[in-house]
Structure formats: structure tokens, C-alpha cells
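# Observations on the three-dimensional arrangement
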Amino acid sequence: MTSPPSAPGDRARAVIAGIGSCLPPLVVTNTQVIARGNLDTTDAWITGRTGIHRRRLAGPAVSTGDLATAAARAAIDSAGSAVPRPDLLLLATTTPDRPCPATAPEVAHRLGLGTVPAFDLAAVCSGFLYGLVTASALLRSGTCRAPLVVAAEKYSTIVDPFDRDTAPLFGDAAAAVALRLGDADEPGAVLETDWGSDGGGSDLITVAAGGSRLPAAAATGIGIDTGIGIDTPGHGDRCFRMRGRQVYAHAVRRMTSSSEAVLATTGWRPEEVRAFIGHQANQRILDAVADRLGVPPRHRLGNIREVGNTAGASVPLALADAAARHACAPGARTLLTAFGGGLTWASATLLWPDAPVRTAAPEPRPPLHDHQEVSPP
Amino acid sequence: MNPVREHLVTLLTEKFEAPPGSIHDDAALGDLDLDSLARVELVFSLQDHWGVPLDDDRDSTGDVTVGRLVDRIETLLAQSAQEPDRSE
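A short tour of the structure in this document, coming up. (Residues numbered from 1 in each chain as written. Chains lettered and ligands numbered in written order. Predicted model: local features only at pLDDT ≥ 70, side-chain atom pairs only at ≥ 80, totals over all residues. Heavy atoms only, no water.)

### A word on the interface of chain A and chain B
Accessible area lost on assembly of the parts is the figure often given for the size of an interface. Test applied: Any two residues having at least one pair of non-hydrogen atoms within 4.5 Å are treated as being in contact. The term buried area denotes the loss of accessible surface (1.4 Å probe radius) that occurs when two parts are joined, taken as the sum for both partners. We define a salt bridge as a side-chain nitrogen of Lys or Arg found within 4 Å of a carboxyl oxygen belonging to Asp or Glu. To qualify as a helix, a DSSP run of H or I must reach at least 4 residues; to qualify as a strand, a run of E must reach at least 2; elements of each kind are numbered from the N terminus. Only Asp, Glu, Lys and Arg are considered charged, only Ala, Val, Leu, Ile, Met, Phe, Trp, Tyr, Cys and Pro nonpolar, and every remaining residue, Gly among them, polar.
Taken together, the 12 residues of chain A in the interface contact 14 residues of chain B. Carbon and sulfur atoms make up 49% of the surface buried where chain A meets chain B, a total of about 1200 Å² over both sides. The largest per-residue losses of area from chain A upon contact with chain B belong to Arg245, Tyr248 and Arg284 of chain A, which jointly make up 53% of the total buried on that side. Joining chain A to chain B, the criterion identifies six salt bridges. Between Arg284 of chain A and Asp35 of chain B there is a salt bridge, with the nearest N and O atoms lying 2.9 Å from each other. Ranked by residue count, the leading element in the side of chain A that touches chain B is helix H7 (residues 244–266) of chain A, at seven residues. Each residue belonging to the side of chain A that touches chain B can be placed in one class, and the counts come to four nonpolar, three polar and five charged.

Here's what the structure looks like:
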């Protein structure tokens, strides 16, 4: 569903004013992934079929919230003092710190944001763009003045290291953007959006156990200790699974059609796009989408080679990577698109931001003090 | 050689680098060094070229043969030719 065309004279837009990212320091090569899972594949096969050479993994001491807090703090730092203090935090993730409560309030607390509204958003690999659509609407409606959109994933906790089809694909990371209200002509302006879902494909990308259909208690008896706390396949599967062939077909079709829709609403032709960032799932999917759209190779940006598929964090992470390299001039016409489990998809057009990218190491979680009752004002 | 088969063989050899000597009617796509994603890409290319509704899933399994794909496309093209023109 494409956002309603903006009314004439309605120039107010969410503007990306700050960009932050967090990559865990541990670099894991394809060879190491193969050795750990005793996978029947090769480095050449993985790089040739996916475009991925290495990825970052967080390790047992670092949680999604630790990655998110670091990226969010970096985005706030990037935005600087000209942007209001964040008054809403939205965290897109597939791998929250716990099933309950949401991770976002604790991230907001760790950032010192006080009692701002904070919630998690579950749209798998479309999570960041779902968050951007939501935050932009809240901003333009006046519900908030400076939302933070954070996307953080620790897929190493749900990926099966023995699954050749998924183990080489994923990495851990977080990225965030700080938004403010601005004008449609200025760098960073989020111009138009498109989003959608198709629950008919909900079985194509799954973590089967751990929810109400198959509670975690019923799923814990069959696992083996792989060293990073992941169960083996089978009944009560708590690992991430996807049906690659079907997912590929849906991903290419949905990202292409969603991109076409948002380009049409914006009034841009594909060849006018100067920066195309698709969900960094697989280089072949990215190429297929960009080829179908007609975006020239020189305008396709991404970092899948270095970080793999970081799920919901992949689009802002690639944006941060490209912005840090000054790959585009501020104001350049930019198209973002993503596709994920659900099935979900989303796209956005924006003008390339003019914000200094900040990067940060994961923040260890400080001890939480006993909650103090707060008297109403 | 009929045009559907000729186009399929060209696609297989030029875009997907399948060994030309291995391409015959009974050859399964999985045996032509096309991995799962390449098989979907092949179906996409055939859909785009012929304008027929091949099935992304069933027509891209590893056991689909060259001959079966040719038959499927020709059947769909024939059905399409028999349908009344809805554009008017």
C-alpha cells in the first residue's frame, strides 16, 4: 500500500538528521562458518552464490539491546544538538532480548531518554522500513517531534550453524536513524513510502517454536548444545528456516513492485535514482531487483560482501556504510526497499542525508537498579 | 528446432552457463548445474519472454526437465491463443 499522495503545499517530511551503526568486532569468514558447522560447501560456492565474504557475530555476552543502544546513541550523536531530544524510540528486531517485555523501553532507558514511548516492531527483514514508515507518519501527525528508528538483530542466536542453506548468510548488527520534521526539499527528507504484507506466505520464513503455537517450554527438550545455544532441527525447531527458492521469487517480485509503486508516487523514473539500497539478503536478489527496475549498476549501493544479511538492520547499515564513504552527494535521489518474513515488504524514496555517520561498539548492559516508584506529577 | 526450445537452450547456455552437450529433453534442471535460485531466475526469464504464467514454485524444482518446460510453455501459449482478447 502506497502512502496517499501528499497534498499540494504539504512540504513537511520526516528528515533523517542522524545516522548511527554498530557492528560487533568479531569478523567470521566463510571458511570459519563452514568449519564450525561442518558444512558441505566451499568459500567459493558461498561467495559466488550470495556475494557474502564475511560477517560479524556478536558472541554470547552481547545482546540485541546492546547493539541497539550503541547504534541509537551513535545516531543521536550524529544528529547533534540541532535536533530535539528523541521523544520516541522504535526498535525493529526479530531477535529481542526476551520474548517479554519489548527491548525498546530498556534501550530508551539506557539512552537516558526518560519515559518516552518505546516499542518493538516485528516485520523481520522489512523491519527498518516499517519503522521508518511508522515514525514518519507519527512525526508528520505531530504525535512526536524527534523519533529514533533503530534496527538491531542478533541472528546468531536463531541461525542453525549446521544448516548449509542459512548458516553462511546472516550476521549481527544494528543501525539507527534520528528523525526530525523538515522540508521535502532538504537532504534526508523521506518523500514517499510503500508497504504491504501477505500472510499467505507466512510459512516461507519462520522460527517455528517459541511462540504461542509452539511455546518455548515445549521446545526445549530436544536441543543439543552447539556452543551458542541453538536447538537442532525437528519438532520444536527454534531455528530460523526459510524456503529459499520460494523466498527468492517473492522477494524479487515484491521488492520490484513496491519500488515501482513508490517511484511512481514520487514521480521519479528508475534511471533517475542515484542511490539504490535493497535489503542485503543475497547479491543475486539485489541484482535481479535492480535489473528489473532498470537502476544502473553504478547506483546500486550495499555492503553484503562484508557483513552478510543482517536482516532488519541491513538497509540502514548499508545506508550508514555508504554515507560514511560519501558514496552519494547530499540530496541525491535515493530508493530503499526491503522484503522479509511475514511476508512483508516496504520501500521509501528519500533525498540522500547530510549527516555525519557515527559508529560505535556494542554497549555492555549495566546492572539495572531496583525500580523506584515514581509519584505522579 | 522449435522456437521455445531454441530460446530455452540459448538461455541455459548463455545466461546460466549450462554445458551445451548436457542439454536434452530428459535433462533435469538440477543436473545442469542450475542451483535453486538460478532455476527461479530461469522461470522468471521465460515468463518475461513468452508472457505466460509459469509457476514460480512447481516449474522451478530440480527435477523439472528441459522437455517438460518446453511442453509447459507451449501449452500455456496455446491456451493464451485460444482465450478471447480481453483488451477490447
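### Some thoughts on the packing of helix H1 (residues 3–15) of chain B against helix H2 (residues 36–50) of chain B
Residue and element names in this part refer to chain B. Put simply, the rule is: Note on method: axes are straight lines fitted to C-alpha atoms, helices fitted across the in-contact stretch only, with angles between N-to-C directions ranging 0 to 180 degrees. Reported orientations rely on four angle classes, namely roughly parallel under 35 degrees, roughly antiparallel over 145, roughly perpendicular from 65 to 115, and oblique for the rest. The crossing is said to be left-handed when, going from far helix to near helix, the turn is anticlockwise and less than a right angle, and right-handed when the turn is clockwise.
Where H1 meets H2, the axes come as close as 11 Å, and the angle between the chain directions of the two elements is 140°. Considering their axes alone, H1 and H2 lie oblique with respect to each other. The handedness of the crossing between H1 and H2 comes out as right-handed. Of H2, the residues touching H1 (which contributes Pro3, Val4, His7, Leu8, Leu11, Leu12 and Lys15) are Leu42, Ser45, Leu46, His49 and Trp50. Considered class by class, the residues forming the contact of H1 with H2 number eight nonpolar, three polar and one charged.

### Notes on the pattern of salt bridges
Test applied: Each residue's exposure class comes from its accessible area (1.4 Å probe, protein chains only) as a fraction of the maximum for that residue type: buried when under 20%, exposed when over 50%, partly exposed otherwise.
Here the structure, examined in full by the defined rule, presents 31 salt bridges over all chains. Residue Asp35 of chain B is joined to Arg49 of chain A by a salt bridge in which the shortest nitrogen-to-oxygen separation is 2.7 Å. Of this pair, Asp35 of chain B sits in the loop between H1 and H2 while Arg49 of chain A sits in helix H2 (residues 43–50), which puts the two residues in different chains. Looking at Arg49 of chain A, the relative accessible area reads 26%, which means it is partly exposed.

### Structural notes on the packing of H7 of chain A against helix H8 (residues 283–293) of chain A
All names here are of chain A. The interhelical angle for the contact between H7 and H8, taken along N-to-C directions, is 40°, at an axis separation of 9 Å. Classed by the angle they form, the pair H7 and H8 counts as oblique. Crossing handedness for the pair H7 and H8: right-handed. Contacts between H7 and H8 involve Tyr248, Ala251, Val252, Arg253, Met255, Thr256, Ser259 and Glu260 on the former and, on the latter, Arg284, Ile285, Ala288, Val289, Arg292 and Leu293. Residues of the contact of H7 with H8, tallied by class, amount to eight nonpolar, two polar and four charged.

### Focus on helix H3 (residues 64–79) of chain A
Short version of the rule: One less than the residue count of a helix, multiplied by 1.5 Å, gives the span that helix is expected to have.
Between the first and last C-alpha of H3 of chain A there are 22 Å, a value that for 16 residues agrees with the 22 Å anticipated at 1.5 Å per step. At the exit of H3 of chain A stands Gly80 of chain A, carrying a positive phi of roughly 75°.

### Things to note about the sheet that holds strand S12 (residues 333–340) of chain A
Residues and elements named next belong to chain A. Where we set the bar: Here, a strand pair is defined by DSSP locating no fewer than two bridges between the strands.
Taken together, four strands build an open sheet; the order of strands is S8-S13-S12-S11 and the sheet is mixed. Two strands lie at the open edges of the sheet, namely strand S8 (190–197) and strand S11 (275–278), each paired on one side alone. The mean inter-strand angle of the sheet, taken between neighbouring strand axes irrespective of direction, is 10°. With respect to the sheet, helix H5 (residues 127–141) is in contact with S8, S12 and strand S13 (344–351), its orientation differing from that of S8 by roughly 120°. Lying over the sheet, H7 contacts S8, S12 and S13, oriented at roughly 145° with respect to S12.

### Quick notes on unusual backbone geometry
With omega at 0°, the peptide bond leading from Cys100 of chain A into Pro101 of chain A counts as cis. Inspection of the secondary structure assignment puts Pro101 of chain A in the loop between strand S4 (88–92) and helix H4 (104–110). With an omega of -5°, the peptide bond running from Gly342 of chain A to Leu343 of chain A counts as cis. The residue Leu343 of chain A is located in the loop between S12 and S13 in this model. At Asp33 of chain B, a residue that is not glycine, the phi angle is positive and equals roughly 65°. Exposure remark for Asp33 of chain B: the relative accessible area of 60% places this residue in the exposed category.

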